[in-house]
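# Topology and contacts: notes
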Amino acid sequence: MKDKWAGVVGALVIAGSASAAGDPEKGRAVFVEREQGHCVLCHSAPGVAAAGNVGPSLAGVGARYKPEEIRARVADITKINPAAAMPAFHRTTELQRVAPAYSGKPILTEKQLDDVVAWLTTLK
Ligand code: HEC
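- The chain is annotated in an unreviewed UniProt entry as Cytochrome c domain-containing protein of Usitatibacter palustris.

### Looking at the site of the ligand
- If you check the shell around the ligand, you find 22 residues, and the closest are C39, C42, H43, Y65 and M86.
- For the ligand, a nitrogen atom lies 2.8 Å from a polar atom in the side chain of H43.
- In the environment of the ligand, an oxygen atom lies 3.1 Å from a nitrogen or oxygen atom belonging to the side chain of R64.
- Those elements that place two or more of their residues in the shell around the ligand are α4 (67–76) and α5 (110–121).
- A per-class count over the shell around the ligand returns 16 nonpolar, 4 polar and 2 charged.

### Focus on the coordination of the iron atom of the ligand
- For the iron atom of the ligand, the full set of protein donor atoms is H43 (NE2) and M86 (SD), at a range of 1.9 to 2.0 Å.
- Note on H43: relative accessible area 10%, which makes it buried.
- With relative accessibility at 18%, the residue M86 sits in the buried group.

### Quick notes on the side chain of T121
- In this fold, T121 is placed in helix α5.
- Judged by relative accessible area, which is 17%, T121 ranks as buried.
- Looking at T121, its side chain comes within polar contact range of the main-chain oxygen of V117, at 2.5 Å.
- Apart from residues lying up to four places away in sequence, T121 is in contact with G62, P67 and I70.

### Looking at the pattern of salt bridges
- One pass over the full model with this rule turns up 6 salt bridges.
- Between D76 and K79 there is a salt bridge whose closest N-O contact spans 3.9 Å.
- Among the ionic pairs, D115 bridges to K111, the shortest N-O distance being 2.7 Å. Placement of the pair is D115 and K111 together in helix α5, with a separation of 4 residues, close to one helical turn.
- Judged by relative accessible area, which is 3%, D115 ranks as buried.
- For K111, a relative accessible area of 42% corresponds to the partly exposed category.

### Some thoughts on the confidence of the model for the chain
- Overall, the prediction assigns the chain a mean pLDDT of 83, with 74% of residues at 70 or greater.
- Per-residue pLDDT, averaged within each element of the chain, yields its smallest value for helix α1 (residues 2–16) (50) and its largest for helix α3 (residues 61–64) (97).
- Counting contacts from residues 9–19, a segment whose pLDDT is below 50, to residues more than four positions away or on other chains yields 9 contacts.

### Structural notes on the environment of I80
- Tracing the backbone shows I80 in the loop between α4 and α5.
- Leave out the neighbours within four places in its chain, and I80 touches A72 and R73.

Calculation notes
- Residues numbered from 1 in each chain as written.
- Predicted model: local features only at pLDDT ≥ 70, side-chain atom pairs only at ≥ 80, totals over all residues.
- Heavy atoms only, no water.
- Near = heavy atom within 4 Å.
- Polar contact = N/O pair within 3.5 Å; in protein donor to acceptor, adjacent residues only side chain to side chain.
- Helix = DSSP H or I, 4+ residues; strand = E, 2+ residues; numbered from the N terminus.
- Nonpolar A, V, L, I, M, F, W, Y, C, P; charged D, E, K, R; others polar.
- Donors = N, O, S within 2.8 Å, 3.2 Å for Na, K, Ca; no water.
- Buried < 20%, exposed > 50% of the residue type's maximum accessible area, 1.4 Å probe, protein only.
- Contact = heavy atoms within 4.5 Å.
- Salt bridge = Lys/Arg side-chain N within 4 Å of Asp/Glu carboxyl O.
- pLDDT = per-residue confidence, 0-100.

Structure representation (structure tokens):
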């Protein structure tokens with residue numbers, strides 16, 4: 001019994017920290033699929049055929065940054081570089097001229113953000 005609860009507590013702790021709960025397989029899908037992040041419009045990454053070059057290649061990004069640093073950049077890169085030509089994928093405040101259906105909704109859900117960060121973390 002003790003072990004069972006240890007697992008639950010561990011999962012809660014992980015859920016509260018940056019990205020450790022993400023699924024890299026699903027994260028890759030977030031990266032490539034149009035209905036999700038469609039990050040390939042602007043980025044290349046190892047093992048991904050389609051690739052844009054508006055943004056930097058994400059090869060080695062998992063070695064350059066800690067998971068929480070990757071997460072911060074995907075969630076809202078304008079906090080790091082206000083001039084960055086990359087959408088803020090997980091910002092719900094300060095959005096302007098948003099259709100009511102999308103008001104207050106980030107482009108990526110918390111889970112999708114966790115997953116894509118988990119995948120990017122594997123790019124070393
Ligand atoms: C419209 C183009 C565009 C899209 C779409 C886009 N990015 Fe970016 N991304 C950029 C640009 C441009 C930069 C460099 C920003 C800067 O100049 O500071 C960047 C930077 C980054 C960085 C930091 C890289 C580094 O080495 O500093 C990460 C991580 C990243 N993007 C991940 C993503 C992910 C994940 C997605 C999809 C959810 C995504 N990007 C979608 C344009 C884009």
